[in-house]
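# Fold and geometry: a report
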Amino acid sequence: MRFEPRRNKTVSPRTRRLRVAGGALCAAALAATLVTGCGQDSGDETAAATSEAAKVLPNQTTSPSGSVSPSGTAQLTEDQTKRKELLSTVKVTFDKAATTAVGEVSGGKLTDLDLEGIDDQDDDDATGSPSPTGSPTDGTSPSPGGTESPGGTGSPSPSGSASSPKWVAEVVEEDGTAHNVTIDAVTGKVIDSSPDADQSDADKQELADQISKATQTPQQAAKVATDKKPGKVTSIALDENDSNVLVWQVDVVTKDWKKATFDVDAAKGTITDEQVDDD
């Protein structure tokens, strides 16, 4: 019977000497590839490598920790910042605005309620308040002079404070006649209430059919949405979804200032769709 010679045996005595004489220096200098010279006549190289390791390691341990802490502080997007600033000025909640709006129309039912400006910055720009865009180069020279756009480049709230935020509601009578009601979102006072002059007979019939089928109130639909994702309701509307199911579409601004949109079945009170904006 033949045995292969154990060649590893010839290495172990030297390995022991290196472990005893120079193992600590080799580990500190991260010089595993220089084992042959670490225990003999390479003292200068080892000292130099060790000092280099001492210089590098502290920098590597501090810089990652320094880079983690700034990224750990979540930075808000432009849309999140606008929602936060606008909602900080709103004193009248969705529930109170809904009650006030319905009180303006005898026997009416709420079909739509929106906090103006929460996510329709493009519309605001068209009406002459460029501050939500945050881009002073956007407007021509007359617009900065007339709308304080230089001061509004980074702060939409000043433009909101010049004119208080508003709740805009649609309240429908039993026959389908719609009324538009505007409510000051700070004081809760009714700014305007008037019938919709642009309604056709077909529009009235459609609204009358919808309110007769909606057994779930807007308040109930809002609760279903906020139970799923806590936050502030900023919009609710009665409409048919892509599957021709009558739903309450509810917008909720969550604690991290993102917007979640829920479709709540207007008859069953169940969520049929949910979407969360990344911005």
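The coordinates are above.
The text that follows walks through the structure, step by step, so that each part is easy to find.

Before going further, it helps to spend a moment on the sheet that holds strand 2 (residues 166-172). Judged by pairing direction, the sheet is antiparallel, and its eight strands sit side by side in the order 4-3-2-1-5-6-7-8 without closing on themselves. Of all the strands in the sheet, just strand 4 (190-195) and strand 8 (271-276) have a single pairing partner and so form its edges. For this sheet, the mean angle separating the axes of adjacent strands, direction not counted, is 20°. For strand 1 (residues 109-115) and strand 5 (residues 231-240), the ladder comprises three bridges, and the chain directions are antiparallel. Bridge pairing in strand 5 links Leu113 to Ile236.

Another aspect to go through is the pairing of strand 7 (residues 259-265). Within a regular strand, side chains alternate between the sheet's two faces. Where burial is concerned, most of strand 7 is hidden: seven out of the seven residues are buried. Of the two faces of strand 7, the one carrying Lys259, Thr261, Asp263 and Asp265 and the one carrying Ala260, Phe262 and Val264 are both buried. Relative to strand 7, strand 6 (residues 246-254) runs antiparallel, the two being bridged by seven bridges. Within the sheet, the bridge partner assigned to Val247 lies in strand 7 and is Asp265. In this structure, the hairpin formed by strand 6 and strand 7 is closed by a connection of four residues, where Trp257 is found at a positive phi of approximately 70°. Relative to strand 8, strand 7 runs antiparallel, the two being bridged by five bridges. Note on strand 8: the bridge partner recorded for Ala260 is Val276. Joining the antiparallel neighbours strand 7 and strand 8 is a turn of five residues, in which Gly269 adopts a positive phi near 75°.

Taken together, the side chains of Asp201, Asp203, Glu206, Asp209, Asp239 and Glu240 define an acidic patch exposed on the protein surface. Elements that contribute at least two residues to the negative patch include exactly helix 10 (201-213) and strand 5. By residue number, the principal contributor to the negative patch is helix 10, which donates four residues. Along the polypeptide, Asp209 turns up in helix 10.

For the rest of this paragraph, the subject is the pairing of strand 2. As judged from the six bridges shared by strand 1 and strand 2, these two strands associate in the antiparallel manner. Looking across to strand 2, one finds that Asp114 is bridged to Val168. In this sheet, strand 3 (residues 178-184) lies alongside strand 2 in antiparallel orientation, the contact comprising seven bridges. Its bridge partner being in strand 3, Glu170 is matched across the sheet by Asn180. Count of turn residues in the strand 2/strand 3 antiparallel hairpin: five residues, of which Gly176 carries a positive phi of about 95°.

What sets the pattern is the α-helix's 3.6 residues per turn: residues three or four places apart point alike. For helix 5 (residues 94-103), every residue scored as buried is listed here: Phe94, Ala97, Ala98 and Ala101. For helix 5, the angular spread of the buried residues around the axis is 100°, confining them to a single face. Residues of helix 5 that are exposed and point more than 90 degrees away from the buried face comprise Lys96, Thr99 and Gly103. At its buried positions, helix 5 is contacted by strand 1, strand 2, strand 3, helix 11 (218-228) and strand 5.

Moving on, we come to the nonpolar core. By size, the foremost hydrophobic cluster in this structure holds 40 residues, and its most contacted members are Leu113, Leu115, Trp167, Trp248 and Val250. Broken down by element, the residue count for this core peaks at five residues, all from strand 6. Beyond its immediate stretch of four places on either side in the chain, Leu115 contacts Leu86, Leu87, Val90, Lys166, Trp167, Ala185 and Thr234.

Take the pattern of salt bridges next. Scanning all chains against the criterion turns up five salt bridges. Put simply, Asp277 and Arg83 hold a salt bridge, and the shortest N to O gap is 4.0 Å. In this pair, Asp277 is assigned in the segment after strand 8 and Arg83 in helix 4 (residues 78-87), connecting sequence segments 194 residues apart. Owing to a relative accessible area of 29%, Asp277 belongs among the partly exposed residues under this scheme. The shortest N-O distance in the salt bridge between Lys223 and Asp227 comes to 2.8 Å. Residue Lys223 and its partner Asp227 are located together in helix 11, separated by four residues, close to a single helical turn. One exposure class covers both Lys223 and Asp227, and it is exposed.

Cut-offs and rules
- Residues numbered from 1 in each chain as written.
- Predicted model: local features only at pLDDT ≥ 70, side-chain atom pairs only at ≥ 80, totals over all residues.
- Heavy atoms only, no water.
- Pairing = 2+ DSSP bridges.
- Helix = DSSP H or I, 4+ residues; strand = E, 2+ residues; numbered from the N terminus.
- Axes fitted to C-alpha atoms, helices over the stretch in contact; angles between N-to-C directions.
- Buried < 20%, exposed > 50% of the residue type's maximum accessible area, 1.4 Å probe, protein only.
- Patch = residues over 30% accessible without salt bridge, like charges linked within 9 Å, V, L, I, M, F, W, Y side chains within 5 Å.
- Areas by Shrake-Rupley, 256 points an atom, 1.4 Å probe, with all protein chains shown as cover.
- Salt bridge = Lys/Arg side-chain N within 4 Å of Asp/Glu carboxyl O.
- Lys, Arg positive; Asp, Glu negative; His and termini not counted.
- Charge placed at Lys NZ, Arg CZ, Asp CG, Glu CD.
- Arc of directions from axis to C-beta.
- Contact = heavy atoms within 4.5 Å.
- Core = buried A, V, L, I, M, F, W, Y, C linked by side-chain atoms within 4.5 Å.

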